[in-house]
Amino acid sequence: DGVGKIDDPGSGGGFVAGFWWILLGYFVRMASQSSYQQLMTRRALEGEPVRRFMRPDPVTVPPSATLDDVVHAYMYHHDFKTFPVVEDGHVLGSVSLEQVKAVPAEKRSEVHVGEVVRPPTPETTIAPDEDATRALSKMSRTGQSRLLVMDGERLAGVLSLKDLLRFLALKVELET
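Figured I'd write up the structure that's included with this text. Fair warning: this is a prediction, and the values are worked out from it, not measured in the lab.

What follows covers the pattern of salt bridges. Applying the stated rule across the entire model yields 8 salt bridges. With its nearest N and O atoms 3.5 Å apart, the salt bridge here joins Asp151 to Arg154. Overlapping salt bridges, with partners in common, bring together Arg55, Asp163 and Arg166 in one network.

In structure tokens, the structure reads:
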């Protein structure tokens, strides 16, 4: 009938079937490597409290600062994209690069952090005694790279993905 069949070597169907097997094998291999890496990460962090990895004296921003202040006095001087917003020891939430970018550059000198602060939520905070695997899971689920570490109503520190990854890299290097 002129239409090639998969088992007909002259039809090119064997190539397509072979390609699909290679592609499937590649995806299975990548998934197993990813699962293995997740298992190793979980084992390395399991039982470790967040307080071990957090920065206990984070750089904070007052709500009275303008978004220009955040950019020039904080983001350009510190290696962070998100900062806790604190007033008189009370945590109001956080301000991030995304929030700053949402305001046109010419308006940033007029907009204060207090106007755009994102209040703390269970998704943006974690307790210092929580397991670090829970923090990593929360970061992965929400796409955040920093969590406010709250001890009740008090800001105990900030946990960053970089700090967790630095620990994991060192642990892997020591064990190989």
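What follows continues from the structure just given.
Another aspect to go through is the sheet that holds strand S5 (residues 154–160). Across a sheet, paired strands are connected by hydrogen bonds in the backbone, their directions being either parallel or antiparallel. Pairing is mixed across the open sheet formed by 3 strands, whose spatial order is S3-S4-S5. The open sheet has two edge strands, strand S3 (125–126) and S5, and neither has a second partner. Here 2 bridges tie S3 to strand S4 (residues 146–151), and the two strands are oriented parallel to one another. Its bridge partner being in S4, Ile126 is matched across the sheet by Val149.

A few words now on the pairing of strand S1 (residues 82–87). Here S1 pairs with strand S2 (residues 90–96) via 6 bridges, running antiparallel. When the sheet's bridge partners are listed, Pro84 is paired in S2 with Ser94. Counting the residues in the hairpin turn of S1 and S2 gives 2 residues, including Asp88, whose phi is positive at 50 degrees.

Scoring rules and cut-offs
Residues numbered from 1 in each chain as written. Predicted model: local features only at pLDDT ≥ 70, side-chain atom pairs only at ≥ 80, totals over all residues. Heavy atoms only, no water. Salt bridge = Lys/Arg side-chain N within 4 Å of Asp/Glu carboxyl O. Pairing = 2+ DSSP bridges. Helix = DSSP H or I, 4+ residues; strand = E, 2+ residues; numbered from the N terminus.

Take it as geometry only, folks, not as evidence of what the structure does.
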